[in-house]
Amino acid sequence: QVQLVESGGGLVQAGGSLRLSCAASGRTFSSYVMGWFRQAPGKEREFVASISLSGTSTYHADSVKGRFTISRDNAKNTVYLQMNSLKPEDTAVYYCAAKGGSFYNSQKPSEYLYWGQGTQVTVSS
């Protein structure tokens, strides 16, 4: 019912920056809590950040806190992930996801109903 498409991934050197975007379809974007997850080869999908319906509240995983920032523009049906001070450990496929309800501090992948196809982020050292 909701289609999500990520973009903005690529290859960067350690210490560099990238901004990921996730474009959503439909007119109900503002009705969903949005989140970013990542998955490295051979590892489980892990939570990165989430944002409330209006964008006024956010939550970031400890591993990215202070370096990554999630934001959203409901008028553009888009959620962003600004990534600064990138480390090789950040290398993964990054996914955006949407869930119903209003609780923005949701870290379990199973709680998100809709997922994008993912975008690759590779950080070299």
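Notes on the structure in this doc start here. (Residues numbered from 1 in each chain as written. Predicted model: local features only at pLDDT ≥ 70, side-chain atom pairs only at ≥ 80, totals over all residues. Heavy atoms only, no water.)

Concerning the state of the cysteines
Reasoning step 1: Under the criterion given, the structure shown has one disulfide.
Reasoning step 2: Disulfide pairing places Cys22 opposite Cys96 at an S-S distance of 1.9 Å. Judged by the sign of its S-S torsion, about 50°, the cystine formed by Cys22 and Cys96 is right-handed. Of the two residues, Cys22 is situated in strand S3 (residues 18–24) and Cys96 in strand S9 (residues 92–99); the sequence distance between them amounts to 74 residues. One exposure class covers both Cys22 and Cys96, and it is buried. (Disulfide = S-S within 2.5 Å. Helix = DSSP H or I, 4+ residues; strand = E, 2+ residues; numbered from the N terminus. Buried < 20%, exposed > 50% of the residue type's maximum accessible area, 1.4 Å probe, protein only.)

As for the sheet that holds strand S7 (residues 68–73)
By definition, the strands of a sheet pair up through backbone hydrogen bonds, in either a parallel or an antiparallel sense.
Reasoning step 1: Strand order across the open sheet formed by four strands is S1-S3-S8-S7, with antiparallel pairing between neighbours. Each edge of the open sheet is held by one strand with a lone partner, namely strand S1 (4–7) and S7. In this sheet, adjacent strand axes meet at a mean angle of 15° when their direction is disregarded.
Reasoning step 2: Pairing of S1 with S3 involves four bridges; the strand directions are antiparallel. When the sheet's bridge partners are listed, Leu4 is paired in S3 with Ala24. (Pairing = 2+ DSSP bridges. Axes fitted to C-alpha atoms, helices over the stretch in contact; angles between N-to-C directions.)

It is worth stressing that arrangement in space is one thing and function is another; only the former is reported here.
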